[in-house]
Amino acid sequence: MTDKEAMAQARQAVESEHYEAAEVALRPLLKREVPEALYLYACFGLPNESDEQFEVRRFWYLHQAARLAHPEALYSLAVMHDCGDQAVRSSELAFCYFRLAANAGTRAQCAGLRTNRVPVCYAM
């Protein structure tokens, strides 16, 4: 199965609320750190996973996808830091993530791929 087919299968499982099936489809992609898979895995909770466990997993996988310049992950982290929702409220971090998301989105649109790695920006 190609990465594209695995992602399509995972998205379909998420849309159908079959989250365990989505996790199974994403597993090989997560091991290879495919940015789109890392981001998608951060977007749904698993059965028998507490809210706290989900929030920790979500934050971790958003950071992993952001490290690989995934625009939606960068944007999600920006919003989390801007609002202080499940992250430290920091306008400096939010600004940095918003800027990185905009730049990553532009590169992804121009290249048709998300292959550029962007360093995660931390405020001093």
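Below: a short report on this structure. In this text, all values refer to a predicted model and were calculated from it rather than measured experimentally. (Residues numbered from 1 in each chain as written. Predicted model: local features only at pLDDT ≥ 70, side-chain atom pairs only at ≥ 80, totals over all residues. Heavy atoms only, no water.)

As a further point, take the packing of aromatic side chains. Evaluation of the coordinates by the stated rule reveals four aromatic pairs. Ring geometry for Tyr19 against Phe44: centres 5.5 Å apart, planes inclined by 15°, an arrangement best described as stacked. With Tyr19 in helix H2 (residues 19-31) and Phe44 in the loop between helix H3 (35-41) and helix H4 (51-67), this residue pair connects regions lying 25 residues apart in the sequence. On the basis of relative accessible area, Tyr19 is assigned to the partly exposed category, the value being 25%. By relative accessible area, which is 3% here, Phe44 ends up buried. Taken together, the ring pairs in this structure connect Tyr19, Tyr41, Phe44 and Tyr61 into an aromatic cluster. Looking at Arg57, its charged tip hangs above the ring of Tyr41, at a distance of 4.4 Å from the centre. For the cation-ring pair, Arg57 lies above Phe44, with the distance from its terminal atom to the ring centre recorded as 5.8 Å. (Phe/Tyr/Trp six-rings, centres within 6.5 Å; stacked < 30°, edge-to-face > 60°. Helix = DSSP H or I, 4+ residues; strand = E, 2+ residues; numbered from the N terminus. Buried < 20%, exposed > 50% of the residue type's maximum accessible area, 1.4 Å probe, protein only. Lys NZ or Arg CZ within 6 Å of the ring centre and 35° of its normal.)

Summed over the entire model, instances satisfying the criterion amount to five salt bridges. Residue Asp3 is joined to Arg32 by a salt bridge in which the shortest nitrogen-to-oxygen separation is 2.3 Å. Of the two residues, Asp3 is situated in helix H1 (residues 3-15) and Arg32 in the loop between H2 and H3; the sequence distance between them amounts to 29 residues. Given a relative accessible area of 34%, Asp3 falls into the partly exposed group. Of the charged contacts, one joins Arg57 and Glu49 as a salt bridge, the two residues approaching to 2.7 Å between their closest N and O atoms. Glu49 shares its class with Arg57; the two are buried. (Salt bridge = Lys/Arg side-chain N within 4 Å of Asp/Glu carboxyl O.)

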